[in-house]
Amino acid sequence: MKEVWHPEGSSELQWIDVAEPSAEELLAIAHDYHLPPHTVADCMEPGHLPKFEKVHHFTFIIVRRHAPNDDYADTIQELTNKVAIFFNEQVVITIHRQPQVFLYELKNKYFGVANGCKSASFLVLKIVESGMLSFLEPGFKMADETDRYESQIFLNRQLPDLQQRLYYLKRQAGISKKLFALTEEVIQQLEIHFGKDPDVEQLWDSFTKVETLYERILEDGHNLTNVWLAMSAQRTNEVMRVLTIFSVFFMPLTFIAGIYGMNFDWMPELRVWWGYPLALFSMLFITAGIYLVFRSRRWL
């Protein structure tokens, strides 16, 4: 579906938005605006990463926007949506596979009022900035989730899905960080292309805010994983300590019982009246001795 928008009170700038384009629509756009076929093919590749490229009299960039589809998303396609942008001083063309509500919001905000959109560069920078800011809300949610998991881990509460959630938190934060690294290159090229501009500085501020947030999430995720593993090992060691203590108590008792459970004919202690009391006394004496040794070493 193709839509053409013009800023309020001006017809010089043209914004062409193409959602879910067919092959025929893409060929028509490539023909009308003299776009190379390989760049048009990049528009429809779902897994394409952010990029910046000069295409004749157009500049071509790809940005990715967070798509809150699933808390358990762990691939770039599941976590983000791609928006391809061709632009020059007169025309901005946005191409995307799925409807993007934020583009309509930008259109209503900057094209619906007089002098709302200053130029094509202003519009492109706002599209890129909106894509970056889309990571903020899920980032804050992930940060709150890591804080909640931290308190639950240290309070020693059992969380059956903790390991799985920590994996997805780190996975999503790691994917986002890789995208930010590529997006940073795009922003650097846009800064070179547009020069020093307040809108470029604002874009850098938004990028720094989002990148810092995800660095913290990724670091917290690694730390929580290490703490969880350490505490799991500690609980295992505690169980092994208790089992070891029980085995130390019962090992000599089992040894005595085993000796006198053998079926030899000549075992004098079996036929004297003090044999049974002696065995019981020996067991009690050994148990008390082990207990005193453990108490003196503060193992109990």
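So, a few notes on the structure that sits alongside this text.

### A word on the overall build of the protein
- Each helix and strand counted, the protein has 9 helices and 6 strands in total.
- On C-alpha atoms alone, the protein measures out to a radius of gyration of 35 Å, which is more than a quarter above the 19 Å that the 2.2 N^0.38 rule sets for 300 residues.
- Evaluated residue by residue, the protein yields a buried proportion of 42% over its 300 residues.
- Considering only intrachain contacts with a sequence separation of at least 6, the fraction spanning at least 24 residues in the protein is 64%.
- When the accessible area of the protein is evaluated, it comes to approximately 17400 Å², of which 58% is carbon and sulfur surface.
- Here the protein contributes 28 positively and 38 negatively charged side chains, and the mean placements of these two sets differ by 9 Å.

### Section: the packing of helix H6 (residues 136-154) against helix H8 (residues 198-259)
- Where H6 meets H8, the closest approach of the two axes is 10 Å, and the angle between their N-to-C directions is 25°. Considering the angle they form, H6 stands roughly parallel to H8. Taken as a pair, H6 and H8 cross one another with a handedness that is left-handed. For the pair formed by H6 and H8, the contact residues are Leu136, Pro138, Gly139, Phe140, Met142, Ala143, Thr146, Asp147, Tyr149, Glu150, Ile153 and Phe154 on the first element and Lys209, Val210, Leu213, Tyr214, Arg216, Ile217, Asp220, Leu224, Val227, Trp228 and Met231 on the second.
- Of the residues assigned to the contact of H6 with H8, the class counts are 16 nonpolar, 2 polar and 5 charged.

### So, the side chain of His96
- Position of His96 relative to the elements: it lies in strand S6 (residues 91-96).
- Classification of His96 by relative accessible area gives buried; the value is 1%.
- One polar contact links His96 to Asp17, side chain to side chain, over a distance of 2.8 Å.
- Engagement of the side chain of His96 in a polar contact is seen with the backbone oxygen of Gln98, the distance being 2.7 Å.

### A closer look at helix H4 (residues 101-111)
- Listing the buried residues of H4 in full gives Phe102, Leu103, Leu106, Tyr110 and Phe111. Mapping the buried residues of H4 onto a view down its axis gives an arc of 130°, with all of them on the same face. Across H4 from its buried face, at more than 90 degrees, point the exposed residues Val101, Glu105 and Lys109.
- Buried residues belonging to H4 abut strand S1 (2-5), strand S2 (14-19), strand S4 (58-66), strand S5 (80-87), S6 and helix H5 (120-133).

### Concerning the packing of aromatic side chains
- Tallying each qualifying case throughout the model produces 11 aromatic pairs.
- Ring plane angle 35° and centroid distance 5.7 Å describe the contact between Phe87 and Phe194, whose orientation is recorded as tilted. In this pair, Phe87 is assigned in strand S5 and Phe194 in helix H7 (residues 162-194), connecting sequence segments 107 residues apart.
- When the ring of Trp204 is compared with that of Phe207, the centres are 5.8 Å apart and the planes differ by 85°; the resulting orientation is edge-to-face. Placement of both Trp204 and Phe207 in helix H8 is noted, with a separation of 3 residues, approximately one turn of the helix. Take Trp204 and Phe207: they sit in the same class, and that class is buried.
- Linked through ring pairs, Phe135, Phe180 and Tyr214 together constitute an aromatic cluster.
- A cation sits over an aromatic face here: Arg65 above Phe102, 4.0 Å from the ring centre.
- The side chain of Arg148 reaches across the aromatic face of Tyr149, ending 5.5 Å from its centre.

Reading the values: rules and limits
- Residues numbered from 1 in each chain as written.
- Predicted model: local features only at pLDDT ≥ 70, side-chain atom pairs only at ≥ 80, totals over all residues.
- Heavy atoms only, no water.
- Helix = DSSP H or I, 4+ residues; strand = E, 2+ residues; numbered from the N terminus.
- Rg over C-alpha atoms; globule rule 2.2 N^0.38 Å.
- Buried < 20%, exposed > 50% of the residue type's maximum accessible area, 1.4 Å probe, protein only.
- Contact = heavy atoms within 4.5 Å.
- Areas by Shrake-Rupley, 256 points an atom, 1.4 Å probe, with all protein chains shown as cover.
- Lys, Arg positive; Asp, Glu negative; His and termini not counted.
- Charge placed at Lys NZ, Arg CZ, Asp CG, Glu CD.
- Axes fitted to C-alpha atoms, helices over the stretch in contact; angles between N-to-C directions.
- Parallel < 35°, antiparallel > 145°, perpendicular 65-115°, else oblique.
- Left-handed = near helix turned anticlockwise from the far one by under 90°.
- Nonpolar A, V, L, I, M, F, W, Y, C, P; charged D, E, K, R; others polar.
- Polar contact = N/O pair within 3.5 Å; in protein donor to acceptor, adjacent residues only side chain to side chain.
- Arc of directions from axis to C-beta.
- Phe/Tyr/Trp six-rings, centres within 6.5 Å; stacked < 30°, edge-to-face > 60°.
- Lys NZ or Arg CZ within 6 Å of the ring centre and 35° of its normal.

That is the geometry; function is a separate question.
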